[in-house]
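Letter by letter, the chains look like this.
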Amino acid sequence: MAKAQPIHELQLTGITKRFPGILACNNVSMRVARGEVLALVGENGAGKSTLMNILAGLYQPDAGTIAINGEEVRFHTPNDAYARGIGMVHQNFMLVPNMTVTENVALGLKQHHRFMNLDLKATRARIVEVSEHHELPVNPDAYVWQLSVGEQQRVELIKTLCFGAQLLILDEPTSALTPQETDDLIDRLKRMTAELSIIFISHKLQEVKELSHRVAILRHGAVVFNGRTEDHTPAELAALMTGREVHLPRNEGLLVEGPAILEARDLKVRGDRGHFALDGLNLEVHAGEILGLAGVSGNGQRELAEALTGLRPVESGTVRFLHKDMTNKSPAAMIAAGLGYIPEDRHHEGIVPRFTVKENLVLKDFPTPRFSWSVVLKLGEIARNAESLKASFDIRCSSTSAAGGSLSGGNIQKVILARELAREPKALISVYPTRGVDMGAQEFIHSQLLARRRAGGGILLISEELEEIMNLSDRIAVIYKGRILKVLTSLEATREKLGLLMAGVAE
Amino acid sequence: MTHDLVYNILSLGVPFSVALLLASLGEMFNQRAGVFNLGCEGIMCMGAFLGFLPAFFLKTGPLAPYGIVLGFAVAAAAGVAMGLLFALVTVTFRAEQGIAGIGLQMMGWGVAGTLFRHFVGGVTGVEGLASWPLPGLSRIPFLGGILFNHNPMVYIAFLMVPASWYLLFKTPWGLKVRAAGTEPRAADSMGINVNRVRYQALMLGGAMAGLGGAYLSLCQAKMFADDLVAGRGFIAVALVYFGRWSPLGVLGGALLFSLAQSLQLAIQVAGIKFPYEFAVMLPYVLVILVLSLARKARMRGPTHLGVPFNREMRY
Ligand SMILES: Nc1ncnc2c1ncn2[C@@H]1O[C@H](COP(=O)(O)OP(=O)(O)OP(=O)(O)O)[C@@H](O)[C@H]1O
Ligand SMILES: [Mg+2]
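It should be emphasised that the depicted structure is a prediction, and the values quoted were computed from it without experimental measurement.

## Topic: the overall build of chain A
Here comes step 1: Within chain A one finds 17 helices and 24 strands.
Here comes step 2: The C-alpha atoms of chain A give a radius of gyration of 24 Å, which matches the 23 Å a tight globule of 507 residues would have.
Here comes step 3: Along the first, second and third principal axes, the C-alpha atoms of chain A reach 70 × 50 × 50 Å.
Here comes step 4: With 507 residues in all, chain A has 56% of them scored as buried.
Here comes step 5: Considering only contacts in chain A between residues 6 or more positions apart, those separated by 24 or more positions represent 67%.
Here comes step 6: Accessible surface for chain A amounts to roughly 21000 Å². Of this, 52% is attributable to carbon and sulfur atoms.
Here comes step 7: Here chain A carries 57 positive and 60 negative side-chain charges, and the mean point of each set is 4 Å from the other.

Here it is as structure tokens:
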């Protein structure tokens with residue numbers, strides 16, 4: 001593919017896209033100029049990804065036009081979009097895990113495809129060139145499944161740049177990155193604006209402020225605001241986004257020393273690669289408190305959550321729940337004993353994507369008398385349950401009979417939250433509960449967690465967002481290399497102290 | 001005595017593996033692209049019959065030497081057509097692959113049998129392919145006779161192993177096939193037509209299954225009968241799992257199975273006191289055992305095997 005002509009101006013006019021039962025984009029018009037960064041923000045399900053997928057040639061709009069430099073273009077396939085210099089980094093990575101970085105890039109670099117011979121050397125050279133030019137270090141020979149999330153993100157960027165993108169679309173590139181990786185990425189993107197235009201989607205308004213020149217806000221598929229970033233504070237933008245003021249709630253309760261209900265003693269657990277991901281970890285969660293677990297991801301958070309919920313075998317040490325030894329008990333036993341779980345991977349562990357919303361809402365309780373007469377499900381009660389949770393948790397879906405997987409990320413998270421909290425768990429393990437979730441939903445999730453705490457539940461909150469941890473926790477434990485480095489009360493904890501501890505510096 | 005026995009088992013087992021090897025390599029391409037075709041058995045039946053037909057009709061005429069070549073060509077073409085049909089049903093209409101495969105199997109088996117009764121009738125033999133010892137190589141003591149004293153189709157089938165490896169791992173098409181079966185969404189986002197790749201893979205797989213079937217009737221049995229294929233199509237599908245979707249693994253599986261089969265024959269021929277029914281079961285039991293005991297390597301195979309691709313469907 002020849003290098004695309006520069007994009008001086010991209011204009012979307014009247015873009016409309018319908019999915020069964022939902023108007024995802026409603027007559028959207030917007031414009032991006034050369035060297036400009038446009039931030040696209042909006043609530044979960046507002047239609048941001050859909051709009052960008054149309055621009056990238058993946059979805060066909062029902063109405064509306066796209067024009068580049070004043071000339072109307074039609075993208076029937078992603079190839080057409082690449083040919084005009086539009087490249088997209090998708091919300092969920094588009095990489096083939098069992099192929100190398102080079103092979104992944106080669107997939108799209110059609111000019112290196114020769115009959116019966118694949119020119120991987122040329123592709124590799126191109127990767128090295130791009131990675132040096134943009135200072136994005138990457139190992140072209142590594143298999144994608146071996147890479148961390150941050151590295152995969154970089155591969156996605158390089159891939160798109162290798163295809164000669166003039167306009168870069170980034171759909172929530174920072175939602176799974178650590179704070180350091182995020183700062184790093186923002187710096188790099190700033191430098192890239194010398195050569196490219198960028199459309200940047202994020203739920204973190206701080207990033208939007210830092211990076212973008214202009215902001216467009218989508219609500220229910222329509223543009224409700226379009227203006228210069230510097231004229232508005234993050235709070236104003238949040239208000240425009242949700243149509244009301246957003247206040248993230250804080251934990252203002254007094255520290256109550258309830259009895260310890262969930263305890264880990266000298267826990268040793270292996271990670272997927274066979275090493276000890278938890279190496280003699282001690283932790284206790286009390287009734288009526290939120291214990292925040294701070295740490296850079298990959299220090300054993302995932303393994304801890306899985307060991308406590310019975311999903312991962314414990315090699316040595318004990319798990320006690322409600323004063324009983326529950327080490328290596330099955331997940332079913334933990335659930336029955338009253339443990340709730342909001343998993344990290346909401347699409348694969350939190351819901352069954354092909355099941356309807358109402359089925360997903362009773363996944364843990366369908367055998368109980370409330371939802372079944374011995375072997376027959378009470379469908380009416382299941383539907384009623386779904387309707388009431390849909391209303392009280394503000395789940396946005398076309399109907400509770402829609403497939404769980406068709407919901408937007410934030411709404412899937414609300415389905416999980418609704419299911420877990422409706423069971424009134426004695427203890428709740430909540431892993432990155434607001435990752436990729438919009439401001440309004442974040443506020444809602446936080447207030448629900450605080451309400452559970454007031455009702456006497458103990459919560460283990462695992463997060464990378466210091467903001468979130470400091471706002472909600474009674475005590476904060478810092479995890480580093482599979483052990484708890486230190487536990488602070490919320491009064492003692494400061495950003496600086498936590499930052500040092502997370503880097504492994506104890507005193 | 002034991003030396004001869006081992007020699008016989010090996011030199012018989014190698015050509016036995018050809019039909020399985022061809023069909024299984026073809027099935028490997030199907031599955032790498034994300035579609036499993038249980039209809040392999042049916043395609044082999046059709047290949048066996050349609051391959052047999054030209055050889056049968058031309059048997060006595062002046063064109064006799066070409067009958068077999070024509071037979072293989074017809075069988076391959078029939079395989080392509082059946083692969084195309086399967087692609088239409090499972091890729092375009094997104095039907096359940098397992099069910100569609102069973103349908104194709106019954107169709108191939110039924111149609112081949114019916115046509116056979118109509119056009120041929122009873123048991124009739126064909127000439128088959130003469131063996132073609134490779135100059136020099138076939139003189140190597142012991143190994144020469146086992147590996148290099150066969151009909152040309154045996155060599156061709158074995159050359160298909162490195163050829164398949166090259167096609168899968170060293171060509172743009174192979175790259176697309178692997179991506180389409182593992183992460184079709186990613187392939188699609190990079191402008192690869194996932195469904196077209198699946199069509200192509202199914203046509204190639206069909207051609208190879210057709211050739212495998214024709215080998216059975218033209219070279220191995222040198223005749224056609226209803227139950228000639230006898231489940232080899234299903235074994236071929238199993239061998240793809242067994243071989244972890246790699247050409248070398250598939251070769252290993254095909255050899256293991258066919259050696260077990262020739263061992264079974266040797267046991268019967270040698271008159272060793274051993275219930276004949278158990279001897280016949282041996283290769284099948286072996287495959288089941290190995291399949292269930294094999295270590296399950298993650299991240300190797302096509303993770304989207306069996307899932308139709310729909311760009312606008314998110315789950
Ligand atoms: N392929 C699809 N099939 C059916 N409905 C869809 C599909 N894609 C999106 N939707 C619906 O369209 C709406 C817009 O979804 P979209 O993914 O564009 O939202 P978003 O703004 O990107 O949200 P998020 O911030 O959660 O990523 C949602 O209601 C979603 O459920
Ligand atoms: Mg999105």
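## Observations concerning the sheet that holds strand β6 (residues 86-89) of chain A
Note on sheets: strands pair through backbone hydrogen bonds, and any given pair is parallel or antiparallel.
All names here are of chain A.
Here comes step 1: Taken in spatial order, the six strands line up as β6-β9-β10-β3-β11-β12 in an open sheet, and their pairing is mixed. Edge positions in the sheet fall to β6 and β12 (222-228), since each has one partner strand and no second. Here the average twist between neighbouring strands, direction ignored, is 15°.
Here comes step 2: The pairing of strand β11 (residues 214-219) with β12 spans six bridges and is classified as antiparallel. If you follow Arg219 over to β12, its bridge partner there is Ala222.

## Examining the coordination of the magnesium ion (ligand 2)
Residue and element names in this part refer to chain A.
Here comes step 1: Each protein donor to the magnesium ion (ligand 2) is listed here as Ser49 (OG) and Gln91 (OE1); together their distances run 1.9 to 2.2 Å. Residue Ser49 is found in helix α1 (residues 48-55), and its partner Gln91 is found in the loop between β6 and α3 (101-108); the two are separated by 42 residues along the sequence.
Here comes step 2: Residue Ser49 is classed as buried on the basis of its relative accessible area, which comes to 16%.
Here comes step 3: On the basis of relative accessible area, Gln91 is assigned to the partly exposed category, the value being 34%.

## Structural notes on the packing of helix α6 (residues 152-170) of chain B against helix α9 (residues 194-220) of chain B
All names here are of chain B.
Here comes step 1: Closest axis-to-axis distance for the α6/α9 pair is 12 Å, and the angle between their directions is 165°. By the criterion of interaxial angle, the relationship of α6 to α9 is roughly antiparallel. As α6 packs across α9, the resulting crossing turns out to be left-handed. Here Met153, Val154, Met160 and Leu167 of α6 come into contact with α9, specifically with Leu204, Met208, Tyr215 and Cys219.
Here comes step 2: Considered class by class, the residues forming the contact of α6 with α9 number eight nonpolar, no polar and no charged.

## Considerations on the packing of aromatic side chains
All names here are of chain A.
Here comes step 1: Scanning the model with the defined rule gives 14 aromatic pairs over all chains in all.
Here comes step 2: Seen from their ring centres, Phe393 and Phe444 are 5.7 Å apart, and the 80° between their planes marks the pair as edge-to-face. Of this pair, Phe393 sits in the loop between α13 (379-392) and α14 (409-422) while Phe444 sits in helix α15 (residues 439-454), and the two are 51 residues apart along the sequence. There is no split in this pair, since Phe393 and Phe444 are both buried.

Reading guide: rules and limits
Residues numbered from 1 in each chain as written. Chains lettered and ligands numbered in written order. Predicted model: local features only at pLDDT ≥ 70, side-chain atom pairs only at ≥ 80, totals over all residues. Heavy atoms only, no water. Helix = DSSP H or I, 4+ residues; strand = E, 2+ residues; numbered from the N terminus. Rg over C-alpha atoms; globule rule 2.2 N^0.38 Å. Buried < 20%, exposed > 50% of the residue type's maximum accessible area, 1.4 Å probe, protein only. Contact = heavy atoms within 4.5 Å. Areas by Shrake-Rupley, 256 points an atom, 1.4 Å probe, with all protein chains shown as cover. Lys, Arg positive; Asp, Glu negative; His and termini not counted. Charge placed at Lys NZ, Arg CZ, Asp CG, Glu CD. Pairing = 2+ DSSP bridges. Axes fitted to C-alpha atoms, helices over the stretch in contact; angles between N-to-C directions. Donors = N, O, S within 2.8 Å, 3.2 Å for Na, K, Ca; no water. Parallel < 35°, antiparallel > 145°, perpendicular 65-115°, else oblique. Left-handed = near helix turned anticlockwise from the far one by under 90°. Nonpolar A, V, L, I, M, F, W, Y, C, P; charged D, E, K, R; others polar. Phe/Tyr/Trp six-rings, centres within 6.5 Å; stacked < 30°, edge-to-face > 60°.

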